[in-house]
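Observations on the three-dimensional arrangement
Below, each chain spelled out in residue letters.
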Amino acid sequence: MNNSMTAQHIIDFWFKQITPAQWWQKDDEFDKAIIRQFGSLLAQAEAGELAHWRESVIGRLAEVIVLDQFSRNAYRDTPKAFANDSMALTLAQYAVAQDDLMALSNEQAPFLIMPYMHSESALIHEQAVPLFEKYAKGNLDFELKHKVIIDEFGRYPHRNQILGRESSAAEISFLTQPGSSF
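Heads up: these notes are all about the structure in this document. Worth saying up front: this structure is predicted, and the values here are computed from it rather than measured.

1. With respect to the overall build of the chain
Looking only at helices and strands, the chain has 10 helices and zero strands in total. Its helices and strands in sequence order give the chain the pattern α-α-α-α-α-α-α-α-α-α, from N to C terminus. Compactness check: the chain gives a C-alpha radius of gyration of 16 Å against a globular reference of 16 Å for 182 residues, within 12% of the reference. The buried share of the chain, taken over its 182 residues, is 48%. Contacts in the chain between residues far apart in sequence, at least 24 positions, make up 61% of those at least 6 positions apart. When the accessible area of the chain is evaluated, it comes to approximately 9200 Å², of which 53% is carbon and sulfur surface. For the chain, the distance from the average position of its 16 positive side-chain charges to the average position of its 24 negative side-chain charges is 1 Å.

This is the structure in structure tokens:
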């Protein structure tokens, strides 16, 4: 257990020590670095052991980043990459209700509401659009693209193989289109 790691460590790493390009690129070395540096912390977050971070805006953002972003790096191309989505969304919803978005920078705010974009719920995407319109305009087009997929299929077809779900003919056709996966 790594009790010396703080929420500020996560914020500094994510917003100061790496480049924005690293947030979106598939990079095995970066994924391994996340596991080395933050694997035990990710396990703590998954176990609900970072609840004390929820006492501050930065702590809430850091826990969402760990559960939503680090999971995708640490468990890439496995079902576990999406296993923390519900917990990350619940924490994000709480933080939004606390008006945390008003306290975050333009660079930080999108990561607090990213769990909405990752949700496979049409209702959650209805809630996401106005949040992205107000607090994360630079990511709004991506949210709208995600929403279209959820509205059409009720899920993300590019996750089907990883999650062992059978794809419909329409999903298979969709997946052959350029830009169909994120």
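2. Points about the pattern of salt bridges
The final tally for this structure, using the stated rule, is 13 salt bridges. A salt bridge links Lys 26 to Asp 77, with the nearest nitrogen and oxygen atoms 3.0 Å apart. Remark: Asp 77 occurs in the loop between α4 (57-74) and α5 (85-97) and Lys 26 occurs in the loop between α2 (20-24) and α3 (28-46); sequence separation between them is 51 residues. The exposure class of Asp 77 is partly exposed, given its relative accessible area of 47%. Residue Lys 147 is joined to Glu 126 by a salt bridge in which the shortest nitrogen-to-oxygen separation is 2.9 Å.

3. Description of the environment of Arg 54
For Arg 54, the position within the fold is in the loop between α3 and α4. Residue classification places Arg 54 among the partly exposed residues on the basis of a relative accessible area of 26%. Beyond its immediate sequence surroundings of up to four residues, Arg 54 is in contact with Gly 48, Arg 60, Glu 63, Met 87 and Leu 91.

4. Section: the packing of aromatic side chains
For any pair of aromatic rings, the description rests on two quantities: the centre-to-centre distance and the angle between the ring planes. One pass over the full model with this rule turns up 14 aromatic pairs. Note on Trp 14 and Phe 111: the rings are 5.6 Å apart at their centroids and 90 degrees apart in plane angle, and the pair reads as edge-to-face. In this pair, Trp 14 sits in helix α1 (residues 7-17) while Phe 111 sits in helix α6 (residues 109-118), placing the two residues 97 residues apart along the sequence. When the centroid spacing of 5.9 Å and the interplanar angle of 75 degrees are considered together, the rings of Phe 15 and Trp 23 count as edge-to-face. Trp 23 carries the same exposure label as Phe 15, and that label is buried.

5. A word on the environment of Leu 104
Looking at the element boundaries, Leu 104 is found in the loop between α5 and α6. Relative accessible area serves as the criterion here: at 10%, Leu 104 is assigned to the buried category. C-alpha separation for the pair Leu 104 and Asp 27, spaced 77 residues apart in sequence, amounts to 27 Å. Here Leu 104 is in contact with Val 57, Ile 58, Leu 61, Ala 109 and Leu 112, once residues within four sequence places are set aside.

6. Describing the packing of α3 against α4
At a closest axis distance of 9 Å, the pairing of α3 and α4 adopts a crossing angle of 135 degrees. What the angle tells us is that α3 and α4 run oblique. Relative to α4, the crossing made by α3 is left-handed. Across the interface between the two elements, Phe 30, Asp 31, Ile 34, Ile 35, Phe 38, Leu 41, Leu 42, Ala 45 and Glu 46 from α3 touch Val 66, Leu 67, Phe 70, Ser 71, Asn 73 and Ala 74 from α4. Class assignment of the residues belonging to the contact of α3 with α4 gives a composition of 11 nonpolar, two polar and two charged.

Reading the values: the criteria
Residues numbered from 1 in each chain as written. Predicted model: local features only at pLDDT ≥ 70, side-chain atom pairs only at ≥ 80, totals over all residues. Heavy atoms only, no water. Helix = DSSP H or I, 4+ residues; strand = E, 2+ residues; numbered from the N terminus. Rg over C-alpha atoms; globule rule 2.2 N^0.38 Å. Buried < 20%, exposed > 50% of the residue type's maximum accessible area, 1.4 Å probe, protein only. Contact = heavy atoms within 4.5 Å. Areas by Shrake-Rupley, 256 points an atom, 1.4 Å probe, with all protein chains shown as cover. Lys, Arg positive; Asp, Glu negative; His and termini not counted. Charge placed at Lys NZ, Arg CZ, Asp CG, Glu CD. Salt bridge = Lys/Arg side-chain N within 4 Å of Asp/Glu carboxyl O. Phe/Tyr/Trp six-rings, centres within 6.5 Å; stacked < 30°, edge-to-face > 60°. Axes fitted to C-alpha atoms, helices over the stretch in contact; angles between N-to-C directions. Parallel < 35°, antiparallel > 145°, perpendicular 65-115°, else oblique. Left-handed = near helix turned anticlockwise from the far one by under 90°. Nonpolar A, V, L, I, M, F, W, Y, C, P; charged D, E, K, R; others polar.

Distances and angles like these do not, on their own, reveal function.
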